[in-house]
Amino acid sequence: MSVLPLVFTSGWASGINAYAVVLLLGVFGATGITDEVPESLQRTDVLIVAGVLFACEAVADKIPYVDSIWDSVHTVIRPVSGAVVGALLAGQSGSLPDLAAGAVGGSTALASHCVKAGTRMAINSSPEPFSNIIVSTAEDLGVGGIISFAMFYPEAAAIIAAVLLLLGLLLLIFLISRIRRFLRRRAQRREEKRIAAALGRPPD
């Protein structure tokens, strides 16, 4: 069961930035920092694709409303990535069944993705754009720090990830009213665009 803390941590991080997780794990494995990373994540083509997609997410994630659209698209991608990474890590170590590791990684990624997406909806209810940049940067640094820490202290990193996930879920419950406001505003904008298109004039 020694790989379970790393599976949990990588699942939590995948729900926030799946491409960063794949990129970091691949780099750590390729450079020999750890032998827990399977060869499939160390391949050059995988690292290049992960790096390009990470760069795209780094930009999209800092733009108001674009970040929420990006999150919607990744509602499936992030949990699947967390499950796949978890299964690969388990298969590499042989200390945990692949199916169980995939379930842990995928479910944890889904939970942290919901926290991330919901928090962004609440932030987008604010008119200023700087909070998006601050939160996105903090998320990127947090994922990088936790995954790096997990390479040397997997149990401690898993505890930190669990605490952050719990705090995120509590924050999400607290922000439900702002999230509803964001959804109402987005629905209103869609309706305004639909009416403007029907009248043949651009929306205000």
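If you're wondering where the values come from, they're calculated on a predicted model, not measured in any experiment.

The rules behind these values
Residues numbered from 1 in each chain as written. Predicted model: local features only at pLDDT ≥ 70, side-chain atom pairs only at ≥ 80, totals over all residues. Heavy atoms only, no water. Helix = DSSP H or I, 4+ residues; strand = E, 2+ residues; numbered from the N terminus. Buried < 20%, exposed > 50% of the residue type's maximum accessible area, 1.4 Å probe, protein only. Contact = heavy atoms within 4.5 Å. Expected span 1.5 Å × (residues − 1). Arc of directions from axis to C-beta.

Considerations on the side chain of Thr 108
Along the polypeptide, Thr 108 turns up in helix α4 (residues 98-124). Judged by relative accessible area, Thr 108 falls into the buried class, the value being 6%. What Thr 108 contacts, discounting residues up to four positions off in sequence, is Phe 8, Gly 11, Trp 12 and Leu 165.

Some points on helix α2 (residues 44-60)
Taking 1.5 Å per residue, 17 residues should reach 24 Å; α2 reaches 24 Å between its end C-alpha atoms and fits that length. Among the residues of α2, Leu 47, Ala 50, Glu 57 and Ala 60 are the ones counted as buried. Down the axis of α2, the buried set is contained in an arc of 150°. They therefore lie on one face. Across from the buried face of α2, at angles greater than 90 degrees, the exposed residues are Thr 44, Ile 48 and Val 59.

Examining the side chain of His 74
Among the secondary structure elements, His 74 is positioned in helix α3 (residues 66-93). His 74 sits in the buried class, given a relative accessible area of 3%.

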